[in-house]
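Chain residues, written in single-letter form:
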Amino acid sequence: GVGREVYFADFGNQRIRKLVFRGTNWFIYTVAGTGDIGNNPLCDAGCGALTAKLSNPRALAFASNKDLYFVDSGNKKIRKLTTSSYPDETPGNLSTFIGRSYETFGRTATPLGDVGVLGNLFLPGHWDIRNENLVLDMVYQIAIDHNDNLWFTDSFSNRMYMAPLVNKTVASSSSWLVNMYADNYMGRFDKAREAGARQQMLKALL
(Lines give C-alpha, C1' and ligand atoms only; values in the text may rest on other atoms or scores of the structure.)
Protein backbone atom coordinates (compact mmCIF):
# COMPACT_ATOMS: atom_id res chain seq x y z
CA GLY A 1 0.00 0.00 0.00
CA VAL A 2 0.93 3.66 -0.07
CA GLY A 3 3.90 4.38 2.16
CA ARG A 4 4.95 0.72 2.33
CA GLU A 5 6.83 0.40 -0.96
CA VAL A 6 10.12 2.01 -1.98
CA TYR A 7 11.39 1.77 -5.56
CA PHE A 8 15.01 2.42 -6.47
CA ALA A 9 17.51 1.88 -9.28
CA ASP A 10 20.21 -0.68 -8.56
CA PHE A 11 22.64 1.07 -10.90
CA GLY A 12 25.53 -1.40 -10.87
CA ASN A 13 23.39 -4.54 -10.89
CA GLN A 14 21.28 -3.42 -13.88
CA ARG A 15 17.94 -3.77 -12.09
CA ILE A 16 15.02 -1.78 -10.75
CA ARG A 17 14.15 -2.96 -7.23
CA LYS A 18 11.47 -2.31 -4.69
CA LEU A 19 11.29 -2.68 -0.94
CA VAL A 20 7.97 -3.79 0.54
CA PHE A 21 7.13 -3.50 4.23
CA ARG A 22 5.11 -6.42 5.57
CA GLY A 23 4.37 -6.83 9.24
CA THR A 24 7.62 -5.87 10.91
CA ASN A 25 10.02 -6.65 8.05
CA TRP A 26 11.14 -5.23 4.72
CA PHE A 27 11.33 -7.51 1.66
CA ILE A 28 13.20 -6.74 -1.55
CA TYR A 29 11.98 -7.59 -5.05
CA THR A 30 13.41 -7.15 -8.51
CA VAL A 31 10.78 -5.52 -10.74
CA ALA A 32 12.83 -4.96 -13.91
CA GLY A 33 16.08 -6.22 -15.39
CA THR A 34 17.87 -9.55 -15.68
CA GLY A 35 21.06 -8.38 -14.03
CA ASP A 36 22.92 -8.55 -17.36
CA ILE A 37 24.01 -5.25 -18.87
CA GLY A 38 22.78 -4.79 -22.41
CA ASN A 39 19.99 -3.73 -24.71
CA ASN A 40 17.28 -5.86 -26.30
CA PRO A 41 15.49 -3.66 -28.88
CA LEU A 42 12.51 -6.03 -29.02
CA CYS A 43 11.58 -4.68 -25.60
CA ASP A 44 11.11 -1.19 -27.02
CA ALA A 45 7.55 -2.14 -27.97
CA GLY A 46 7.00 -3.99 -24.68
CA CYS A 47 8.20 -7.11 -22.92
CA GLY A 48 8.16 -8.74 -19.53
CA ALA A 49 10.10 -6.43 -17.24
CA LEU A 50 12.13 -9.29 -15.74
CA THR A 51 13.35 -10.35 -19.21
CA ALA A 52 14.65 -6.91 -20.19
CA LYS A 53 18.33 -6.03 -20.21
CA LEU A 54 19.21 -2.63 -18.77
CA SER A 55 22.34 -0.53 -18.80
CA ASN A 56 22.99 1.57 -15.70
CA PRO A 57 19.41 2.54 -14.77
CA ARG A 58 18.85 5.71 -12.71
CA ALA A 59 16.40 8.53 -11.95
CA LEU A 60 12.88 7.26 -11.20
CA ALA A 61 9.57 9.13 -11.39
CA PHE A 62 5.95 8.00 -10.97
CA ALA A 63 2.98 9.05 -13.07
CA SER A 64 -0.45 9.55 -11.52
CA ASN A 65 -1.56 6.06 -12.67
CA LYS A 66 1.44 4.51 -10.83
CA ASP A 67 3.40 3.74 -13.99
CA LEU A 68 7.10 4.10 -13.25
CA TYR A 69 9.43 5.95 -15.62
CA PHE A 70 13.20 5.75 -15.36
CA VAL A 71 16.36 6.56 -17.28
CA ASP A 72 18.13 3.60 -18.89
CA SER A 73 21.25 5.71 -19.18
CA GLY A 74 23.60 3.31 -20.94
CA ASN A 75 20.98 2.57 -23.58
CA LYS A 76 20.09 6.28 -23.99
CA LYS A 77 16.39 5.68 -23.32
CA ILE A 78 13.62 6.59 -20.93
CA ARG A 79 11.68 3.47 -19.99
CA LYS A 80 8.12 2.93 -18.82
CA LEU A 81 7.33 0.18 -16.30
CA THR A 82 3.85 -0.87 -15.26
CA THR A 83 3.83 -1.65 -11.56
CA SER A 84 1.80 -3.74 -9.15
CA SER A 85 1.30 -3.51 -5.41
CA TYR A 86 1.18 -6.04 -2.59
CA PRO A 87 -0.41 -8.56 -2.41
CA ASP A 88 -0.36 -8.66 -6.24
CA GLU A 89 3.31 -9.02 -7.17
CA THR A 90 2.73 -9.88 -10.84
CA PRO A 91 5.77 -8.84 -12.92
CA GLY A 92 5.13 -5.68 -14.89
CA ASN A 93 5.62 -4.78 -18.53
CA LEU A 94 8.60 -2.73 -19.69
CA SER A 95 8.67 -0.56 -22.82
CA THR A 96 10.63 2.36 -24.20
CA PHE A 97 8.85 5.69 -23.79
CA ILE A 98 11.51 7.93 -25.35
CA GLY A 99 14.68 7.13 -27.27
CA ARG A 100 16.00 4.73 -29.83
CA SER A 101 19.08 2.70 -30.62
CA TYR A 102 21.43 4.93 -32.57
CA GLU A 103 24.38 4.43 -34.91
CA THR A 104 26.05 7.85 -34.72
CA PHE A 105 27.05 9.58 -31.52
CA GLY A 106 25.12 12.68 -30.58
CA ARG A 107 22.71 12.86 -33.55
CA THR A 108 19.01 13.67 -33.44
CA ALA A 109 16.28 12.62 -35.87
CA THR A 110 14.13 15.55 -36.95
CA PRO A 111 11.57 16.30 -39.67
CA LEU A 112 14.56 17.48 -41.72
CA GLY A 113 16.44 14.21 -41.23
CA ASP A 114 19.40 13.37 -38.99
CA VAL A 115 21.44 16.41 -38.00
CA GLY A 116 24.89 16.78 -36.52
CA VAL A 117 26.17 18.65 -33.49
CA LEU A 118 25.77 22.07 -35.15
CA GLY A 119 22.27 21.11 -36.21
CA ASN A 120 21.45 20.21 -32.62
CA LEU A 121 22.47 23.73 -31.61
CA PHE A 122 20.71 25.64 -34.36
CA LEU A 123 17.42 23.81 -34.78
CA PRO A 124 14.33 25.99 -34.28
CA GLY A 125 14.01 26.97 -30.66
CA HIS A 126 10.73 25.16 -30.01
CA TRP A 127 9.86 22.05 -31.95
CA ASP A 128 8.18 18.67 -31.56
CA ILE A 129 9.64 15.27 -32.35
CA ARG A 130 8.18 11.80 -32.05
CA ASN A 131 9.36 9.99 -28.94
CA GLU A 132 10.83 7.05 -30.85
CA ASN A 133 12.93 9.38 -33.03
CA LEU A 134 14.56 11.34 -30.24
CA VAL A 135 18.19 10.38 -29.63
CA LEU A 136 19.20 10.93 -26.02
CA ASP A 137 22.69 11.18 -24.68
CA MET A 138 23.33 12.59 -21.20
CA VAL A 139 20.07 12.38 -19.25
CA TYR A 140 20.55 12.11 -15.51
CA GLN A 141 17.25 13.24 -13.95
CA ILE A 142 13.56 13.18 -14.85
CA ALA A 143 10.50 14.71 -13.21
CA ILE A 144 6.75 14.34 -13.75
CA ASP A 145 4.47 17.26 -12.98
CA HIS A 146 0.86 17.23 -11.73
CA ASN A 147 -0.43 17.25 -15.31
CA ASP A 148 1.50 14.08 -16.16
CA ASN A 149 4.13 15.79 -18.28
CA LEU A 150 7.59 14.27 -18.12
CA TRP A 151 10.44 16.82 -18.01
CA PHE A 152 14.14 16.23 -18.53
CA THR A 153 17.30 17.84 -19.83
CA ASP A 154 19.96 16.41 -22.12
CA SER A 155 23.31 17.83 -21.04
CA PHE A 156 25.00 16.94 -24.32
CA SER A 157 22.58 18.80 -26.60
CA ASN A 158 21.90 21.55 -24.02
CA ARG A 159 18.15 21.11 -24.35
CA MET A 160 15.17 20.81 -22.06
CA TYR A 161 12.36 18.48 -23.13
CA MET A 162 8.74 18.02 -22.12
CA ALA A 163 6.79 14.88 -23.08
CA PRO A 164 3.13 14.37 -22.18
CA LEU A 165 2.48 10.89 -20.83
CA VAL A 166 -1.02 10.68 -22.32
CA ASN A 167 -2.73 11.70 -25.57
CA LYS A 168 0.50 12.65 -27.32
CA THR A 169 3.55 10.75 -28.58
CA VAL A 170 5.92 13.64 -29.19
CA ALA A 171 8.41 15.50 -27.03
CA SER A 172 8.78 19.29 -27.20
CA SER A 173 12.24 20.80 -27.17
CA SER A 174 13.67 24.21 -26.40
CA SER A 175 17.11 25.60 -27.22
CA TRP A 176 18.34 28.78 -25.54
CA LEU A 177 20.90 29.37 -28.29
CA VAL A 178 18.35 29.40 -31.09
CA ASN A 179 15.95 31.58 -29.12
CA MET A 180 18.72 34.11 -28.54
CA TYR A 181 19.72 34.00 -32.21
CA ALA A 182 16.13 34.49 -33.35
CA ASP A 183 15.52 37.37 -30.94
CA ASN A 184 18.67 39.26 -31.87
CA TYR A 185 19.11 38.58 -35.56
CA MET A 186 15.85 37.30 -37.03
CA GLY A 187 13.23 39.40 -35.28
CA ARG A 188 12.74 41.53 -38.39
CA PHE A 189 11.27 38.53 -40.26
CA ASP A 190 7.62 37.62 -40.15
CA LYS A 191 6.87 34.13 -38.80
CA ALA A 192 6.72 32.42 -42.20
CA ARG A 193 9.97 34.00 -43.41
CA GLU A 194 11.63 33.33 -40.06
CA ALA A 195 10.75 29.62 -40.23
CA GLY A 196 12.09 29.44 -43.77
CA ALA A 197 15.27 31.24 -42.80
CA ARG A 198 15.85 28.84 -39.90
CA GLN A 199 15.52 25.83 -42.20
CA GLN A 200 17.86 27.36 -44.77
CA MET A 201 20.39 28.06 -42.00
CA LEU A 202 20.15 24.48 -40.77
CA LYS A 203 20.53 22.99 -44.26
CA ALA A 204 23.59 25.15 -44.81
CA LEU A 205 25.17 23.72 -41.66
CA LEU A 206 24.66 20.07 -42.65
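Please read these numbers as outputs of a predicted model, since none were measured by experiment.

## Re the side chain of Asp 148
Step number 1: Secondary-structure assignment places Asp 148 in the loop between strand S12 (142-144) and strand S13 (149-154).
Step number 2: Buried charge without a salt bridge: Asp 148, with Lys 80 as the nearest opposite-charge side chain at an N-O distance of 10 Å.
Step number 3: Sequence-distant contacts of Asp 148, that is, excluding residues within four places in its chain, are made with Ala 63, Ser 64, Ala 163, Pro 164 and Leu 165.

## Looking at the sheet that holds strand S1 (residues 5-10)
Step number 1: Ordered by their spatial adjacency, 3 strands build an open sheet running S1-S2-S3, and the pairing between neighbours is antiparallel. Looking at the sheet topology across the chains shown, the edges are occupied by S1 and strand S3 (25-32). Taking the axes of each pair of neighbouring strands and ignoring which way they run, one obtains an average angle of 25° across the sheet.
Step number 2: Where strand S2 (residues 15-22) and S3 come together, 7 bridges link them in antiparallel fashion. Its bridge partner lying in S3, Arg 17 is registered against Thr 30.

## Remarks on the confidence of the model for the protein
Step number 1: Looking at the protein, the pLDDT average stands at 77 and 67% of residues meet or exceed 70.
Step number 2: A low-confidence stretch, residues 201-206 (pLDDT under 50), is modelled with 10 contacts involving residues beyond four sequence positions or located in other chains.

## Some points on the pattern of salt bridges
Pairing of side chains with opposite charge becomes possible as their charged atoms draw close.
Step number 1: Taken as a whole, this structure holds 8 salt bridges when the rule is applied.
Step number 2: The salt bridge involving Lys 18 is made with Glu 5; its shortest N-O contact spans 3.7 Å. Remark: Glu 5 occurs in strand S1 and Lys 18 occurs in strand S2; sequence separation between them is 13 residues. Each member of the pair, Lys 18 as well as Glu 5, carries the same accessibility label: buried.
Step number 3: Notably, a salt bridge pairs Asp 67 with Lys 80, separated by 3.7 Å at the nearest N-O pair. Pair noted here: Asp 67 is in the loop between strand S5 (57-62) and strand S6 (68-72) and Lys 80 is in strand S7 (residues 77-81), with a separation of 13 residues, a long-range link.
Step number 4: On the basis of relative accessible area, Lys 80 is assigned to the partly exposed category, the value being 26%.
Step number 5: Each of Asp 44, Asp 72, Lys 77 and Arg 79 takes part in a single network of salt bridges with overlapping partners.

## A word on the pairing of S1
Strand residues, when the strand is regular, have side chains that alternate between the two faces of the sheet.
Step number 1: Across 6 bridges, the pairing between S1 and S2 is antiparallel. Its bridge partner lying in S2, Asp 10 is registered against Arg 15.
Step number 2: Turn length for the S1-S2 hairpin, with the two strands adjacent in sequence and antiparallel, is 4 residues, and the turn residue Gln 14 shows positive phi of about 60°.

## Quick notes on the side chain of Thr 96
Step number 1: Position of Thr 96 relative to the elements: it lies in strand S8 (residues 93-98).
Step number 2: A distance of 2.6 Å separates a polar atom in the side chain of Thr 96 from a polar atom in the side chain of Asp 44.
Step number 3: There is a polar contact of 2.8 Å between the side chain of Thr 96 and the side chain of Arg 79.
Step number 4: Residues within four places of Thr 96 in sequence aside, it is in contact with Cys 43, Asp 44, Lys 77, Ile 78 and Arg 79.

Reading the values: rules and limits
- Residues numbered from 1 in each chain as written.
- Predicted model: local features only at pLDDT ≥ 70, side-chain atom pairs only at ≥ 80, totals over all residues.
- Heavy atoms only, no water.
- Helix = DSSP H or I, 4+ residues; strand = E, 2+ residues; numbered from the N terminus.
- Buried < 20%, exposed > 50% of the residue type's maximum accessible area, 1.4 Å probe, protein only.
- Lys, Arg positive; Asp, Glu negative; His and termini not counted.
- Salt bridge = Lys/Arg side-chain N within 4 Å of Asp/Glu carboxyl O.
- Contact = heavy atoms within 4.5 Å.
- Pairing = 2+ DSSP bridges.
- Axes fitted to C-alpha atoms, helices over the stretch in contact; angles between N-to-C directions.
- pLDDT = per-residue confidence, 0-100.
- Polar contact = N/O pair within 3.5 Å; in protein donor to acceptor, adjacent residues only side chain to side chain.

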